[in-house]
Amino acid sequence: MTFTQQDARPELESAPGSEWWRTAVIYQIYPRSFADASGDGLGDLPGVTAHLDDLKELGVDAIWLSPFQRSPQKDAGYDVADYRDVDPIFGTLADFDAMLAGAHERGIRVIVDLVPNHSSDQHVWFQEALKAAPGSPERARYIFRDGKGENGELPPNNWESVFGGGMWKRVTEADGTPGQWYLHIFDESQPDFDWTNPEVRAEFRDILRFWLDRGVDGFRVDVAHGLIKAAGLPDFTPDPEGGSMGGDAAGVPYWGQPGVHEVWREWHEVLAEYDGDRALCAEAWLPTVAQTALWVRPDEMHQAFNFAYLETKWDAEALRDVITDSLHEYAAVGAPSTWVLSNHDVVRHASRLALTAENPQGAGIGPKSPGKPDPVKGLRRARAATSLMLALPGSSYLYQGEELGLPEVIDLPDDARQDPTWFRTNGERYGRDGCRVPIPWTADAPAYGFNDTGAAWLPQPTEWAELARDVQREDPASTLSLYRSLLAERRAHGLGAGSLEWLDGYGDDVVAFRNGPVTVIANLGDAAVDLPAGDVLVASGPLDGDTLPTDTTVWIAAA
Ligand code: GLC
């Protein structure tokens, strides 16, 4: 089937200027763990298509799919070998087109992941670079350098990979001698492109057009703060407290370099050639909201993940601060704030919010981790946190399975783990597999309905039978029912497009505000809080008469 720009998206209102992304609730699909139509244990695109009605019923505005492009899957698809094709484990381009058409028919927009910082080492360009000589145009698409030391036996600088170990790998030249080194911020199978090279830029503008022509509504842009490295590649030792992506952005020579903004301006222009308000969302891990807001200036990206919000502890004052800061900083550049609590890289918030020990981003949790969460407290807080988030003006991101209240899977056996972080740190960091376990659809079915063969690329906990979607659909008190109510009320009251007015007088441990006709109160303290008059629209847990118990959020229609 051939799609043109126009007929690929006939069903969506594409009134110019509607800027749907300003208020959208966007649901992240991690394709390998969402639904597996082929039965091989890895989710796929036909699996997504088969469940579009469930997403419509949930009430989301858009989906974002983590990478499904051709890839050897060394980093679960974030190592792309061909940016213009679907990996056979996920299906075909025709399956993609069918999924996209099915989503659009239901009024659901589709954002795809694009990974521009690095390719797979199996990408044809990298294979050509390996065969070519130092200094050749083929090598100039990546970051090859001579090593230090008498015979070039030392890496060009001291940078350490986000996944652990060094950031450089030495190659063997065509004549069999030890040769140059190439840079990889992530795994050694993920060589970084050289974004100062115009050929790389032209190639990615063309890749954008490939997917825009098929009808996608936008892109989630991977590692959007990393493409440009400081000139001269100076040595740098990261802050050990900073987590795998953290650190002081101003000082890190591979994050947040000014030149990266030129790339986003180019991309902005490409998207602007298309109808329908196509959008770019930056995955940029930067320490402050103000720094991240630079990615969404009017001629750059449209949204950026609010990781400062995600990283905020379950603390009322900290939440008030980050919300105020976000609304202020993003508004200052004319962008919406976004909100997010979970994704495929972080400990699921139903576990994270009840951790009792520090857990740097990327470390994950496993059997030997300190401070393991109390699951009951974690779920209660997660429900309260999501109820708070979905009342905030702006756009929110959900991660598949959070609507089921899924916790992080802590006790994965060592031999099941697949995250390169686990291997590159020799098991010191568990990594991200615990949030990537295939999700349960049907309690009484093989692999809980993930497929019909029972195969699953990561083992599912037996407790997940109780959390399966079919069980939760029938239960008005379930987390799924809560999410459906939140999304319906959010839409009914236009909260995404609303504005926030803080309410005083509820005490330090309470987050309370009004958004249009809705009063939102989240109690993070130990003492119960008296509720104001008005109809309860939705509550994240049982109320106690006219009071709001601990770790509970309520939405009330003004009396
Ligand atoms: C982003 C992705 C993560 C991936 C990394 C390298 O942070 O979200 O999953 O491992 O980039 O592409």
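Coordinates for the structure precede this section.
Below: a short report on this structure. (Residues numbered from 1 in each chain as written. Predicted model: local features only at pLDDT ≥ 70, side-chain atom pairs only at ≥ 80, totals over all residues. Heavy atoms only, no water.)

A few points about the overall build of the chain
Spelled out, the test is: We count a stretch as a helix when DSSP gives it H or I for four or more residues in a row; a strand needs E for two or more, and each element gets its number in order from the N terminus. Here the radius of gyration uses the C-alpha set of atoms, whereas the globule reference equals 2.2 Å times the residue count to the power 0.38. Classification of residues uses two cut-offs on accessible area relative to the type maximum, computed with a 1.4 Å probe and protein chains only: under 20% is buried, over 50% is exposed, and between them is partly exposed.
When helices and strands are counted, the chain shows 15 helices and 20 strands. Taken over the C-alpha trace, the chain has a radius of gyration of 23 Å; the compact-globule value for 559 residues is 24 Å, and the two agree within 12%. Counting only C-alpha atoms and orienting by the principal axes, one finds that the chain spans roughly 80 × 50 × 50 Å. Counting only residues that meet the buried cut, the chain has 59% of its 559 residues in that class.

Here we look at the pairing of strand E13 (residues 395–399)
Threshold: By the convention used here, strands pair only if DSSP detects at least 2 bridges between them.
Within E13, five of the five residues are buried, leaving the element largely enclosed by the surrounding structure. Residues Ser395, Tyr397 and Tyr399 line one face of E13 and the alternating positions Ser396 and Leu398 line the opposite face, and both faces are buried. Both strand E12 (residues 338–340) and E13 contribute to a ladder of three bridges, which runs parallel. Of the residues in E13, the one forming a bridge with Thr338 is Ser395.

Some words on a negative patch on the surface
Quick note on the threshold: Residues forming no salt bridge and having over 30% relative accessible area are the ones grouped into patches, like charges within 9 Å of each other and nonpolar side chains (Val, Leu, Ile, Met, Phe, Trp, Tyr) within 5 Å. All accessible-area figures derive from a Shrake-Rupley calculation using a 1.4 Å probe, and residue coverage is judged against the displayed protein chains alone. Think of a salt bridge as a Lys or Arg side-chain nitrogen and an Asp or Glu carboxyl oxygen that are within 4 Å of each other. Positive: Lys, Arg. Negative: Asp, Glu. His and the chain ends are not part of the count. We put the charge of a Lys on NZ, of an Arg on CZ, of an Asp on CG and of a Glu on CD.
Judged by side-chain charge, Asp315, Glu317, Asp321, Asp325, Asp508, Asp509 and Asp526 come together as a negatively charged surface patch. The residue Asp325 is located in helix H9 (residues 316–332) in this model.

As for helix H6 (residues 260–272)
This is how it is decided: Under the convention used throughout, the expected extent of a helix is 1.5 Å for every residue step, that is, one less than its residue count. Starting at the helix axis, one direction is taken to each C-beta atom, and the arc is that of these directions. Two residues qualify as a contact provided that any one of their heavy atoms is within 4.5 Å of a heavy atom in the partner residue.
Relative to the 18 Å expected for 13 residues at 1.5 Å per residue, H6 spans 19 Å between its end C-alpha atoms, a close match to the ideal helical length. Every buried residue belonging to H6 is among Val260, His261, Val263, Trp264, Trp267, His268, Val270 and Leu271, and all of these are buried. Mapping the buried residues of H6 onto a view down its axis gives an arc of 165°, with all of them on the same face. In H6, the exposed positions angled more than 90 degrees off the buried face are occupied by Glu269 and Ala272. Elements in contact with the buried residues of H6: strand E5 (109–114), helix H5 (198–214), strand E9 (218–221) and strand E10 (279–282).

Description of the sheet that holds E10
Using the following cut-off: For every element, the axis is a line fit to its C-alpha atoms; helices are fit only across the contacting stretch, and the angle between N-to-C directions ranges from 0 to 180 degrees.
Within the open sheet, the eight strands sit side by side as E11-E10-E9-E5-E2-E1-E13-E12. Their pairing is parallel. The open sheet is flanked by strand E11 (303–304) and E12, the only strands paired with a single partner. Each of strand E1 (25–29) and E13 touches helix H15 (residues 479–492); the most contacted strand, E13, lies at about 165° to it.

Section: the site of the ligand
For the record, the criterion: Any residue with at least one heavy atom within 4 Å of a molecule or strand is counted as near it. Side-chain atoms alone can form a polar contact between residues adjacent in sequence; in general such a contact is a pair of N or O atoms within 3.5 Å, and within protein one must be able to donate a hydrogen while the other accepts it. For this classification, Asp, Glu, Lys and Arg are treated as charged, while Ala, Val, Leu, Ile, Met, Phe, Trp, Tyr, Cys and Pro are nonpolar and the rest, including Gly, are polar.
The environment of the ligand is formed by 15 residues, the closest being Asp75, Asp222, Glu283, His344 and Asp345. Interatomic distance of 2.9 Å between a side-chain N/O atom of Arg220 and an oxygen atom of the ligand. Out of a free accessible area of 310 Å², the ligand has 99% covered by protein chains. Partitioned by chemical class, the residues of the shell around the ligand number five nonpolar, three polar and seven charged.

As for the pattern of salt bridges
Summed over all chains, the structure comprises 35 salt bridges. One salt bridge in this structure joins Glu203 and Arg84, with 3.0 Å as the shortest N-O distance. In this pair, Glu203 is assigned in helix H5 and Arg84 in strand E4 (residues 82–86), connecting sequence segments 119 residues apart. We classify Glu203 as buried; its relative accessible area is 19%.

So, the nonpolar core
This is how the line gets drawn: Definition used in this section: a nonpolar core is a set of buried Ala, Val, Leu, Ile, Met, Phe, Trp, Tyr and Cys residues joined via side-chain atoms within 4.5 Å. Each domain's extent is set by a domain assignment, obtained either automatically or from a database.
Counting 134 residues, the largest nonpolar core has Tyr27, Ile63, Phe96, Phe219, Trp264, Trp267 and Tyr309 as the members making the most contacts within it. In terms of domain composition, this core takes at least three residues from each of domain 1 (20–117 + 218–482) and domain 2 (124–183). In terms of nonpolar packing, the next biggest core, distinct from the first, is built from 16 residues, Trp159, Val162, Trp168 and Phe236 among them.

A few points about the environment of Glu273
On the secondary structure map, Glu273 appears in the loop between H6 and E10. Overall, the relative accessible area of 46% leaves Glu273 in the partly exposed class. When the C-alpha atoms of Glu273 and Ala37 are compared, they prove to be 36 Å apart, with 236 residues separating the residues in sequence. Here the side chain of Glu273 touches Arg209 through a polar contact of 2.8 Å, side chain to side chain.

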